[in-house]
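# Breakdown of the fold
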Amino acid sequence: PVSFAPEGVAYDLIGDFLGRGPKRIQVKTVMSGSWYCGISRKEYCKTGTGGHRRALYTADDIDYFACVTLDRSIFLIPIAAVEGRTTIALRRFAAFQIPGR
């Protein structure tokens, strides 16, 4: 089961996988024909360009990224595998691709 997250949190969905309890999922979409997925976010910063700056997700924010490609492939990647990065090449994370997608 999956539910939408409440307004104002760093994740998009809450899901329960194989009875492991609720997990926080941030959904990212690959918009171009490439298989690179941007996994950073923007946060308010008074001195940043346009009042914002790039920020990284941490394990305090989310448990998983769900990266969705144009061909509808879905990768469910634990934050521990990508924490500290701004972009990832999905081909390097083939082990996290959901089968049959």
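Just so it is clear, the structure is predicted and the values come from calculations on it, not from any experiment.

Right, let's talk about the packing of aromatic side chains for a bit. The geometry of an aromatic ring pair comes down to the distance between the two centres and the angle between the two planes. All chains considered together, the criterion is met by 4 aromatic pairs. Judged by centre distance (5.8 Å) and plane angle (90°), the rings of Trp35 and Phe75 are edge-to-face. Highlighted residues: Trp35 in the loop between strand E3 (22–29) and strand E4 (36–38) and Phe75 in strand E8 (residues 74–78), separated in sequence by 40 residues. Seen in terms of ring centroids, Tyr57 and Phe65 are 5.4 Å apart; in terms of plane orientation they differ by 85°. Their pairing is edge-to-face. By relative accessible area, which is 1% here, Phe65 ends up buried. It is Arg41 that lies over the ring of Tyr57; its NZ or CZ is 5.3 Å from the centre.

To continue, consider the confidence of the model for the chain. For the chain, the average pLDDT comes to 90, and 98% of its residues sit at 70 or higher. Ranking the elements of the chain by mean pLDDT puts strand E6 (residues 52–56) last with 85 and helix H1 (residues 79–82) first with 97.

Mapped onto the elements of the fold, Ser73 is located in the loop between strand E7 (64–68) and E8. Residue classification places Ser73 among the buried residues on the basis of a relative accessible area of 3%. At 2.9 Å, the side chain of Ser73 and the side chain of Asp71 are in polar contact.

Conventions we followed
- Residues numbered from 1 in each chain as written.
- Predicted model: local features only at pLDDT ≥ 70, side-chain atom pairs only at ≥ 80, totals over all residues.
- Heavy atoms only, no water.
- Phe/Tyr/Trp six-rings, centres within 6.5 Å; stacked < 30°, edge-to-face > 60°.
- Helix = DSSP H or I, 4+ residues; strand = E, 2+ residues; numbered from the N terminus.
- Buried < 20%, exposed > 50% of the residue type's maximum accessible area, 1.4 Å probe, protein only.
- Lys NZ or Arg CZ within 6 Å of the ring centre and 35° of its normal.
- pLDDT = per-residue confidence, 0-100.
- Polar contact = N/O pair within 3.5 Å; in protein donor to acceptor, adjacent residues only side chain to side chain.

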